[in-house]
Structures are given as C-alpha cells and as structure tokens.
Amino acid sequence: MLSYEEILERALLAVAEEIDLEMVAEEAGEEPLTEDDGAAVEINEVLSLEAGGFMTTDRGIVLRLSDGSQFTVEIKRYR
C-alpha cells in the first residue's frame with residue numbers, strides 16, 4: 001500500500017509534466033522566462049528525488065529547466 005507521501009509524489013510528477021512555463025507567466029501578466037538567446041525556458045525533466053539522485057528519505061520532485069536551473073519540491077509530513 002502506498003503512503004500519503006508516495007501518492008502525493010506521483011501526483012506532483014504527473015502535474016509537473018504538464019506545466020507550460022510560458023503560459024503560466026502570460027496568465028500571471030508577466031514576461032516568460034527566457035534563455036540568453038531569447039528562447040523560452042522550458043521544463044526539460046521531472047523526476048522523483050530518488051530518481052534524481054538525492055540522498056534523502058523524503059519524497060518530492062526535481063524540476064530541471066532548459067537554462068540549467070534545477071528546483072526541488074519536497075513533501076514533508078508534519079502531522
């Protein structure tokens with residue numbers, strides 16, 4: 001049986017795969033993120049923390065962007 005954290009991690013992975021950063025910026029009334037050459041920054045890869053090579057027992061995801069930026073979203077239970 002999957003834990004709450006595992007279910008939430010799978011949900012985040014599915015949602016993050018569909019994110020269009022350019023559309024999100026436009027909907028917020030902001031300029032899209034761009035690389036040095038003017039191309040729109042995109043999400044190149046979405047992985048679990050484990051698949052991304054993080055040495056942690058926490059659950060979460062890694063977002064790797066086309067400009068080389070990387071971000072993590074961690075899931076921590078507090079109750």
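Thresholds applied
- Residues numbered from 1 in each chain as written.
- Predicted model: local features only at pLDDT ≥ 70, side-chain atom pairs only at ≥ 80, totals over all residues.
- Heavy atoms only, no water.
- Patch = residues over 30% accessible without salt bridge, like charges linked within 9 Å, V, L, I, M, F, W, Y side chains within 5 Å.
- Areas by Shrake-Rupley, 256 points an atom, 1.4 Å probe, with all protein chains shown as cover.
- Salt bridge = Lys/Arg side-chain N within 4 Å of Asp/Glu carboxyl O.
- Lys, Arg positive; Asp, Glu negative; His and termini not counted.
- Charge placed at Lys NZ, Arg CZ, Asp CG, Glu CD.
- Helix = DSSP H or I, 4+ residues; strand = E, 2+ residues; numbered from the N terminus.
- Buried < 20%, exposed > 50% of the residue type's maximum accessible area, 1.4 Å probe, protein only.
- Contact = heavy atoms within 4.5 Å.
- Expected span 1.5 Å × (residues − 1).
- Arc of directions from axis to C-beta.

Focus: a negative patch on the surface
For step 1, the next point in the chain: A cluster of acidic side chains, namely Asp20, Glu22, Glu26, Glu27, Glu30, Glu31 and Glu42, defines a negative patch on the protein surface.
For step 2, the next point in the chain: One can find Glu27 in helix α2 (residues 21–27).
For step 3, the next point in the chain: By relative accessible area, Glu27 is classed as exposed at 63%.

Some points on the side chain of Glu5
For step 1, the next point in the chain: Relative to the elements of secondary structure, Glu5 occurs in helix α1 (residues 4–17).
For step 2, the next point in the chain: When sequence neighbours within four positions are dropped, the list of residues in contact with Glu5 reads Arg59, Ile75 and Arg77.

Considering α1
For step 1, the next point in the chain: Across its 14 residues, α1 extends 20 Å between first and last C-alpha, which sits within 8% of the 20 Å expected from 1.5 Å per residue.
For step 2, the next point in the chain: Every buried residue of α1 is accounted for by Glu5, Glu9 and Ala16. Buried residues of α1, viewed axially, fall in a sector of 40°; they line one side. Structural note: α1 exposes Tyr4, Arg10 and Val15 on the side pointing more than 90 degrees away from its buried face.
For step 3, the next point in the chain: Of the surrounding elements, those touching the buried residues of α1 are β1 (43–48), β2 (59–65) and β3 (70–75).

Notes on a nonpolar patch on the surface
For step 1, the next point in the chain: A contiguous nonpolar surface patch, about 250 Å² in accessible area, is contributed by Val15, Ile19 and Val24.
For step 2, the next point in the chain: Tracing the chain through its elements places Val15 in helix α1.
For step 3, the next point in the chain: Its relative accessible area of 55% is what places Val15 among the exposed residues.

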